[in-house]
Amino acid sequence: MPSNWEKIVSMTKEGVKSIAMMRKKIQRGKKIALLIDGPNILRKEFNVHLEDIVAALEELGNIRVARVILNQYAPQGLIEAVANQGFEPIIVAGETGVKLAVEAMREIYNPNIDIIALATRNAEFLPIILKAKEKGKETAIIGIEPGFSAALKHAADYVITLKRGEVNESSILQNTEKRRKRA
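Residues numbered from 1 in each chain as written. Predicted model: local features only at pLDDT ≥ 70, side-chain atom pairs only at ≥ 80, totals over all residues. Heavy atoms only, no water.

### Observations regarding the nonpolar core
Core analysis: the largest hydrophobic core is formed by 25 residues, its most contacted members being Leu34, Ile36, Ile53, Leu57, Val68, Phe87 and Ile142. Listing elements by their share of this core, those giving two or more residues are strand 3 (30-37), helix 2 (50-57), strand 4 (61-71), helix 3 (76-84), strand 6 (115-119), strand 7 (138-144) and strand 8 (158-162). Contact partners of leucine 57, with chain neighbours within four places excluded, come to Ile32, Leu34, Ile63, Ala117, Ala140, Ile142 and Ile160. Membership of the second largest hydrophobic core comes to 21 residues, among which are Ala33, Ile113, Phe125 and Ala132. (Core = buried A, V, L, I, M, F, W, Y, C linked by side-chain atoms within 4.5 Å. Buried < 20%, exposed > 50% of the residue type's maximum accessible area, 1.4 Å probe, protein only. Helix = DSSP H or I, 4+ residues; strand = E, 2+ residues; numbered from the N terminus. Contact = heavy atoms within 4.5 Å.)

### Thoughts on the environment of lysine 31
On the secondary structure map, lysine 31 appears in strand 3. When the C-alpha positions of lysine 31 and arginine 64 are compared, they lie 6.0 Å apart, and in sequence the two are 33 residues distant. Those residues in contact with lysine 31, other than ones at most four positions away along the chain, are Asn62, Arg64, Asn112, Ile113, Asp114 and Ile115.

These figures capture arrangement, not role.
Put into structure tokens, the structure is as follows:
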């Protein structure tokens with residue numbers, strides 16, 4: 001796989017000299033709009049990181065739109081982390097699903113986008129996947145078990161199932177053992 005870093009060279013009388021390294025962020029390929037259902041995916045128990053989602057989508061193309069929909073109860077640290085990763089945090093006072101649907105429809109009708117990628121586990125977004133496909137867009141769904149909708153998996157062109165972090169899995173096992181001892 002080619003490296004994301006390339007040399008910046010300077011032509012001098014003495015010859016070619018490397019003066020810096022530059023990371024290539026823009027790659028050729030399909031243009032992706034990534035919309036993340038924050039309350040559904042970015043939970044402590046899942047230990048999902050935004051860079052994991054980005055890395056999974058890099059195989060498909062270049063992310064041009066990256067938004068995370070959060071509710072008004074999102075901690076300030078999460079909002080800052082989302083912004084620091086280069087995502088646009090969108091805070092809504094009501095139902096996050098409605099705002100995610102509005103943003104998805106905006107991107108479905110955006111002629112500069114090839115793939116609509118939704119990070120959610122919720123089956124209520126199935127009509128968005130179907131509408132995107134009807135309008136000629138490819139679709140990707142990113143989710144995590146438990147509760148990853150089978151309907152979403154079957155409808156999308158690409159399915160990315162994220163793995164839970166090892167730290168969280170061990171803490172879940174410990175919590176299960178503690179409950180068994182109490183019973």
